[in-house]
Structures are given as structure tokens and as C-alpha cells.
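Structural description and commentary
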Amino acid sequence: MAASRRRHATPGRIGRVGRQAVPRPRVIMALVLLLGLVCTMLLDGYLRAEVGDDQRVRSGASADTVPDDVLEGGPILSFAGGNARTQSVPDKTIVLTFDDGPDPEWSGKVMDILDENDVPGTFFLVGSMISRYPDVVRRMVDEGNEVGVHTFTHVDLSYQSEARVKREIAQTQLALAGAAGITTTLFRAPYSSRTDAIDDYSWPVYERLGAMGYTSVFIDTDSEDWQQPGVSKIVEWATPKDGAGASVLFHDAGGDRSETLAALPKYIKKMKAKGYTFTTVSGAQQQAGAADGSRTDGTAAGGTAAGGTAANGTAADAAAQPGPAQAGAPQGDAEQAAHRRADTASVWEGRALLAAVAVAEWSVPGLAAALAVVGVAVLVRFGMMLLLARRHHRRRNRRGFTWGPEMTGPVSVIVPAYNEKECIAATLNSLAASTHPIEIVVVDDGSTDGTAEIAESLGLPHVRVIRQENAGKSAALNNGVRQARHDIVVMMDGDTVFEPDTVHRLVQPFADPGIGAVAGNAKVGNRSTMIGAWQHIEYVMGFNLDRRMYDLLRCMPTIPGAIGAFRRRAVLEVGGMSEDTLAEDTDITIALHRAGWRVVYAEHARAWTEAPASLGQLWRQRYRWSYGTMQALWKHRRSVTDRGPSGRFGRVGMPLVVLFQIVTPVFAPLIDVFTVYAMVFVDFRASLLAWLAVLGVQLFCAAYAFRLDGEKYRYLLMLPLQQVAYRQLMYLVLIHSCVTAATGGRLRWQKLKRTGEVGAPHVGAS
């Protein structure tokens, strides 16, 4: 029998619980989730050119170090053997090249036109776009087109470090391997044009890439379709002169390409009518090599050689330097000779990249949409609070308002106490000054610090001290209810003090026989510290403004443990204070609703409580509150299906509490993460203004709440810092509670350390 007895919160166990307030596995899981979110956002931002974006484009630089043979040569530049060589497209031959894809709308339509006219194209692909639209790339390769690298984020490589250049190329190759199982030896730099535009800054980049085995591809004619000059102009500007071969530039992404789609078939038909044939970059190299009798595996044919060397200083060293373009076996098709079969490791790494991108592509916009809904819900809540709080204030403070006949009969005040030696004297002295007749029932829950002896030594009238073995707050309150001699019982915490008229104001609503309980106005007494001031703002703006709203909606979710009054028979009717949850105040409040009793808010009945003075104590208190609230909501989940007045809480209160006290706060940190992300990577000014606008709304609500409660506005100076620091802590507490609930964790009562600094206030003090 002794082994089955329930173990209660002894000081030793409390200490152990305190040390385990943040279980390590759950913290690790939370940190992993946060890290995953941040990485997902950074990846999505990188793909959308928000993270690491560099929009600089170089122009007008000198070309003193660039060999003349390169500047005056053909559009195909390679470094076989370490020497820079250019190659021209054979006469009467067109190489159609398309930049900036793949695009889910335009690239497929371009391929349809190429297929209808039986001509191939060479597509220079942006790695971030490959990662987002791999199916389009796969179709390009399967239909016989050739693909090349156009960097991962479409930046001007002449401004980038050597490491960034290599990363841009390697990431694009990885995406290409994941999408189509290949890599490529072709490269085209963003913002490049003809070889005569190479300058002293871009030339070292081409040398390094050439040493890695890449062939850089330039153009002979530019359709300038990106300017949308009209179909006839696009065709005219893309046409080479005097039967010369040409590498021709079009775009299959980057904007509205409807003019490109209209011009492309006309251009193909026009060039075919002039006797032109179409091929890829590799096909042009094969043709030129066959005509010249030279090698076609990268050594220039039909072109000129420059006496320069690769970037590392010697031709031999350049030729020996490995690179991703040199790996893998060539494809069999001559028009896809630049393609290499990707090795197994690269394919799987590429697929992992594509999977990560897919997650980012779906999750980030999805989260953004969800957060937009949450943001709207928050604003709706503010609007509801302001509107209903104003109506509540006007209704309860209008001249002549009364609950009914004045309540003057005696009431019982129950004070559960466990190791409250610092506070119990101030609490009882404040009650002794009450203007309403009361009896005071102190239930000492097995204190070890002499709390009961202090209460008895005060010699105050109408005070009874009841001792019991340590059994928890709920048991102490139930014991007090059983011992109470009057029909109305007031419950308060052992660290709370009342004003002289608090009890009288608190019990007046019981003139209405349908009211079963009344919530009072809890105030933070120790508000001189920063943590205390933050909690003071929270109590006035959050708790009390909320209670006004819930009162009008007749779905009050919680009667605060610091100050609440009950009909004794209503408490006994619902079985007393339950030990099923850690939030016995929320539990009993919902139970009273379901029993058909009405619960109201008495704004002028004020109690002064000692709020946690350290972050550790605050964490433990709010962790218990949040977790206990979830327990109570889950316990009473069937209230949603209750009928009649008893089901009002389930139909109205339960959804509001879940939305505004659980769902919205859980997602709120993500709003802050997105805001910081937007400030750093997107638009600092617009993001800051949006944050300040929300802060302004909160400041207005807080100021109105302070006005209703008669509080001094100076504490609102702490609101911006509260939003930055304190609010995040509260969100983490709630997330921790959610994780505990989801993992089936258990949490015991946690006793907070008291200082006793909250004394009996002067009437009207604020």
C-alpha cells in the first residue's frame, strides 16, 4: 500500500524538476528544427537570388592582357594543351543558343518549336533554375539538345573570388547531374557577348575554367529578344551577314518571351531558305574539325591559337589541372559531345540537392502563406480586443450599472501556502484590512519553513490555519473549500495581497444567480525590474484585455489563481479542483462553463502578486501554465460537441484559445525569423517599416489597455524591447510545452522562489 501512495512535490523533487526544466533531447530537437528552417530559408533565398545576390555588371574595362587572337577570334574558346584557342562556326551553319533557362513556361514552348522544325538547340542553364525545374532539363537532353553551364545564380564572375567561381560551376554541375544524370564541358558567362568584350577582369576567369576543361561559348549575333523590340527586329538582328556561320543568342527565360516564340520559327524558316543548317556547339566543332582535319575533342579547329597560358602560369600545368568538366565518358551523339555521364556519387548528391530544393520550394511559400494567415489572425485579435474591451468598459462603468442587490454577506478566503514565509504575513495583513466581512482559511500544504507558525503568530481575527501533508495546490484548495463556512469562497495565492475593497468588489457579480465564478484583476507588484515591467505590460495588455473580450463573449477560459471567487456549491458540483492538470484554474473554469455556470470579470477587484524575478523562474512558471492549459483543453475537448449554454465554451472559447494562445504564438517566432531574413537579404527598409507598423498597432493596443486599467504609460517605453526579447522567451516556452505534450512528457508542480517584496499597496496605486 505504501508503495502505491502518490508522491508529491517535496523540495528535493522540486530541485530535480528544476534542473530538468528543459530536457536535453527536446532542446536538441527544437534546435534541429530551427536550424532546418533557417537552412531551408537560406537555400530558398539563394535560389531566388536573395541570399548572396550580386547584381554588379562590369563594363568599359580595358583588355590589355587579353590576346588579340582571342579578341578577334571565333565564339568558341578552349584551352586544350594549355593554350587559348578560338573556333568559328562553319559558314552557312547556325548554332541556336538560349540563355537563362530552364523556365517552366517558355523553355518547353521553345523546344516544341525546335522539334517542329527539326533543329537542335544549345541551352545555357542557370543552376538554381535547374534545381527548381529538373523535368524541363531532362526533356532538353532527351530530345537531343545540348546544355551548358550559365552559373548557379547568374552573377558576373569577374567580380567574384576564385572560390565563388568554382562553387557556382560545381553547384550547377551537381544540379545537372541530379536532373539528367550528366555533366557538361560547355560554359557561358552571364552578361557575356562576343569575344571582343572580354576584358582584363574576366580573362583570368576564362583561363581558370579552361584549365578545368571547360569550353567557353560566346556569340556572333544577338537577337536582343530580351528588349522585346518586335518580331521583325529579332529576326533581323539574329541574321548573320554574307552567309557566315553564327552562334546566335536567344533567351528562353528571364521574362516575357512571347516575341521570342513568335520570331523563332520565322527565323528558322528564313535561314533554311538561305541554305543554312542548324546544329549544336559540339556539332559545329565536329564540322569545323572535319573540314580542317584537326582534332574535335577540344583542340581548336577552323580557328586561331593564342600564345597565352592558363591561369596557373604554364600550359602544361593548365592541361594537368583537373576539373569537373573532364570527368565521365562522353555521350555517343556528336551533337551532345559536350555531355559527360555523371558518376554515381554526383548523381545521388545532385538528387539530394534537388530534393532539398523541392522541400524549400514548397515549404517556404507554404510557411509564408501560413504566417500571412497567422498575421491576419493576430490583427483580427487586436481588433476584437479593442472593440470588445471598449464595449465591456463602457457597459460595466456606465452610471447606474449594478449586478443586482449589493452583496454584503461574509465570504471565505482560502489561502493555499507552501513555504511562503517571505509573503504570508503581507498577504494576511492585507486581508485583515478588508472592508468586506471575511473568514480567512490558510491551508498549509506541508511547509517546512514555518509558514503556518508565522500565520498563527500574527494573531489576526477570523484566521484559521489548517495543516495537511504535502499534497499539492489542488488538494490544498479542495481542503479549504470543504472547511469553508460560507457560500462564496475567494481563492488567492500565498504571495498575493489584496486592496481593502478587493473582496467586496470581487463578490458583487454573485448578485446574479447564474454566475458561478468571478475573475479578478491581477497586477504585477514587483514591476520595478526589467523582467517585472515586461510582465506588467503582459498582464495589463494580454491577460486583462483578453478577459474583457472573453467576458463579453461568455467564454472566459481562466480565472487567475491570484484572485478568483466561486460559489462553493458550484465548485463541489464539478468535483472540486482537479489534479488532472497543472492548470487547475483553467480546468475548473472550463468545468464550470460546461456545468452551465457563467464566469465574468471584475476589473475593479485588484490583487497584487509577486511575478517571477528571474528568467529561470519565469520559464518554469510559464512552462507550467502553457503545458497545464494544453492539458485542460485536451481534457475538455468534448466541450466542442456540448449542446446548449454549456457548450458555448466549446463552440466559441475553445477555438479562440487554441488559435490565439497556442497556434498563433507557436508560429509567431517564424514571423520574426522571416522578418529578420527579409531585413538582411530582401528589403531592409520595407521590412523594418512593416515591423514598426505592427509594433505601432501593439503599442496602441497596450496604451488603450493601460488607459482602461488606469496605469501609468511610462512602462510602455519597455514595449519595443519586450517584443524583441521577452516575447521570444514566451514563444520558446510555448514551443517547449508543445514538444512536451507531443512526446508524452510529464511535468510536476514547480515552486517559485519568493522575495516578499510585494506589500499591501495604497488604494488606487499603479
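The structure contained in this document is the topic of the report that follows. Residue indices begin from 1 for each chain and proceed along its sequence in written order. Residues qualify for local features only when their pLDDT is at least 70, as the model is predicted, and side-chain atom pairs are given and counted only at 80 or more; totals for whole chains, interfaces and linings, by contrast, use all residues. In computing side-chain values, all of the structure's heavy atoms are included and hydrogens and water are not.

1. Quick word on unusual backbone geometry
The line we're drawing: Strands here are runs of E lasting at least two residues and helices are runs of H or I lasting at least four, both read from the DSSP assignment and numbered beginning at the N terminus.
A cis amide bond, omega 0°, links Gly101 with the succeeding residue Pro102. Within the secondary structure, Pro102 is located in the loop between strand 3 (93-101) and helix 4 (106-116). Of note in the backbone geometry, Tyr191 takes a positive phi value of approximately 65° without being a glycine. Considering the arrangement of structural elements, one finds Tyr191 in the loop between strand 7 (186-187) and helix 8 (203-211).

2. Let's talk about the side chain of Gln173
Going by this rule: For every residue, the accessible area obtained with a 1.4 Å probe (protein chains only) is divided by the maximum for its type, and the residue is called buried under 20%, exposed over 50%, and partly exposed between those limits. Two N or O atoms form a polar contact when they lie within 3.5 Å of each other; inside protein one atom must be a possible hydrogen donor and the other a possible acceptor, and for residues adjacent in sequence the pair counts only when both atoms belong to side chains. Whether two residues are in contact is decided by their heavy atoms: any pair within 4.5 Å suffices.
If you trace the backbone, Gln173 turns up in helix 7 (residues 162-180). Take Gln173: its relative accessible area is 4%, and that puts it in the buried class. Engagement of the side chain of Gln173 in a polar contact is seen with the side chain of Tyr214, the distance being 2.8 Å. Setting aside residues up to four positions removed in sequence, Gln173 forms contacts with Val149, Ile182, Thr183, Thr184 and Tyr214.

3. Here's the deal with the pairing of strand 17 (residues 488-491)
Where we set the bar: Note on pairing: DSSP must find at least two bridges between two strands before they are called paired.
Here strand 17 shows a buried face lined by Ile488 and Val490 and a second buried face lined by Val489 and Met491. Pairing geometry for strand 14 (residues 411-417) and strand 17, over 3 bridges, is parallel. What sits directly across from Ile414, in strand 17, is Met491. Here strand 17 pairs with strand 20 (residues 564-567) via 4 bridges, running antiparallel. What sits directly across from Ile488, in strand 20, is Arg567.

4. What to know about the side chain of Ser578
Looking at the secondary structure, you find Ser578 in the loop between helix 19 (568-573) and helix 20 (584-594). Its relative accessible area of 14% is what places Ser578 among the buried residues. At a separation of 2.9 Å, a polar atom in the side chain of Ser578 contacts the main-chain amide nitrogen of Asp580. At 3.0 Å, the side chain of Ser578 and the side chain of Lys635 are in polar contact. Every residue in contact with Ser578, bar those within four places of it in the chain, is listed here: Ser474, Glu584, Asp587 and Lys635.

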